[in-house]
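Breakdown of the fold
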Amino acid sequence: MTKANNFQRIRELNYLQKAVLASALIERMLPNYGLFSEATGFGDETLLRNSLNVCWEKILLPKSKIDLEKQVEKIEPNVPELADFDMFGTYPAIDAATSLLSLMHGLVAQDEQEFISVSKISQATVARFIEYQMTVEGEIADNTAVREHPLMQYEIEVLGELIDFVENMGRITSDSVKALKKFALEDGQTNIGLTL
C-alpha cells in the first residue's frame, strides 16, 4: 500500500473515524515520550496519558462537559524544547506531545485536519529516526532509502491496518474503542520500533 493511498483513505473517513485513528496512533507514540521522560527527568508521562484518556472519553461522549482547553494548558509546558536536550529521543517526545495537542485542538475546534496531521507526524517521527540511524551507521539517508527502510514500510503497513480496523468498526462504542486500542498496541512496540 502506498503512502498516498493511506492518506487518501484517511481523508475519506468520517470525523469520528479520523479522531479514533489519530488517538490510536498516539497510543503508539506516547511510550516514546515516557522513555524520554525517564531518561531526562523532564515532563510527566502520566499527565499525557491522562489527557489521552480524556480525549478517548470525549470522542465516546461528545456531549460530556470535559474541558479540553484545560488539558491543553497542562500539556503545553510538558513539550520539551529541542535546544534544552542533546539527545535524539527529544524528537519523538516532542512529536508525541505535539500529536496529542493536535488531537485536542481537533476535538475542541472539530477540525479534522488536526487528526490527519497526527498520522503525518507519526510517519515523520519514523522517517527522522531512520535518517538518524542511517547517519550514525555512515549510510546515506535519501528519500528512497528512508521510504524503503523496513521500519517505514512497517509504519505504512500498520497505518493501513489501523485504517482497515477503523473502517470496519461500525459504531464507535467503548467496546470497539477498547478493541482498537488493543489492536494498535498488539505488536508491543512504539511507532519507531521501541519495545513497550
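Please refer to the structure placed before this passage.
Notes on the structure follow. These numbers were taken from a predicted model, which means no experiment stands behind them. (Residues numbered from 1 in each chain as written. Predicted model: local features only at pLDDT ≥ 70, side-chain atom pairs only at ≥ 80, totals over all residues. Heavy atoms only, no water.)

A word on the overall build of the protein. Helix and strand counts for the protein come out as nine helices and zero strands. Listed by position from the N terminus, the elements making up the protein come as α-α-α-α-α-α-α-α-α. For 196 residues, the compact-globule estimate of 2.2 N^0.38 gives 16 Å, and the C-alpha radius of gyration of the protein, at 16 Å, lies within 12% of that figure. By its C-alpha atoms, the protein is 55 × 40 × 25 Å across when sized along the principal axes. The buried share among the 196 residues of the protein stands at 47%. As displayed, the protein has an accessible area near 9700 Å², and 50% of this comes from carbon and sulfur atoms. (Helix = DSSP H or I, 4+ residues; strand = E, 2+ residues; numbered from the N terminus. Rg over C-alpha atoms; globule rule 2.2 N^0.38 Å. Buried < 20%, exposed > 50% of the residue type's maximum accessible area, 1.4 Å probe, protein only. Areas by Shrake-Rupley, 256 points an atom, 1.4 Å probe, with all protein chains shown as cover.)

All right, on to the packing of aromatic side chains then. Under the definition given, this model contains nine aromatic pairs. Taking 5.4 Å as the distance between ring centres and 65 degrees as the angle between the ring planes, the aromatic pair formed by Phe42 and Phe85 counts as edge-to-face. Placement of Phe42 in the loop between helix H2 (15–40) and helix H3 (45–60) and of Phe85 in the loop between helix H4 (68–75) and helix H5 (90–109) is noted, with a sequence separation of 43 residues between them. Residue classification places Phe42 among the partly exposed positions, given a relative accessible area of 23%. Each member of the aromatic cluster is reached from another via a ring pair, and the members are Tyr33, Phe36, Phe42 and Phe85. The ring of Phe7 carries Lys120 above its face, with NZ or CZ at 5.7 Å from the centroid. (Phe/Tyr/Trp six-rings, centres within 6.5 Å; stacked < 30°, edge-to-face > 60°. Lys NZ or Arg CZ within 6 Å of the ring centre and 35° of its normal.)

The subject of this paragraph is the pattern of salt bridges. All told, the structure shown has seven salt bridges when counted by the stated rule. Between Asp187 and Arg28 there is a salt bridge, with the nearest N and O atoms lying 3.1 Å from each other. Here the residue Asp187 occupies a position in the segment after helix H9 (174–184), and Arg28 occupies one in helix H2, the gap between them amounting to 159 residues. It is possible to trace a salt-bridge network through shared partners that takes in Arg9, Asp164 and Glu167. (Salt bridge = Lys/Arg side-chain N within 4 Å of Asp/Glu carboxyl O.)

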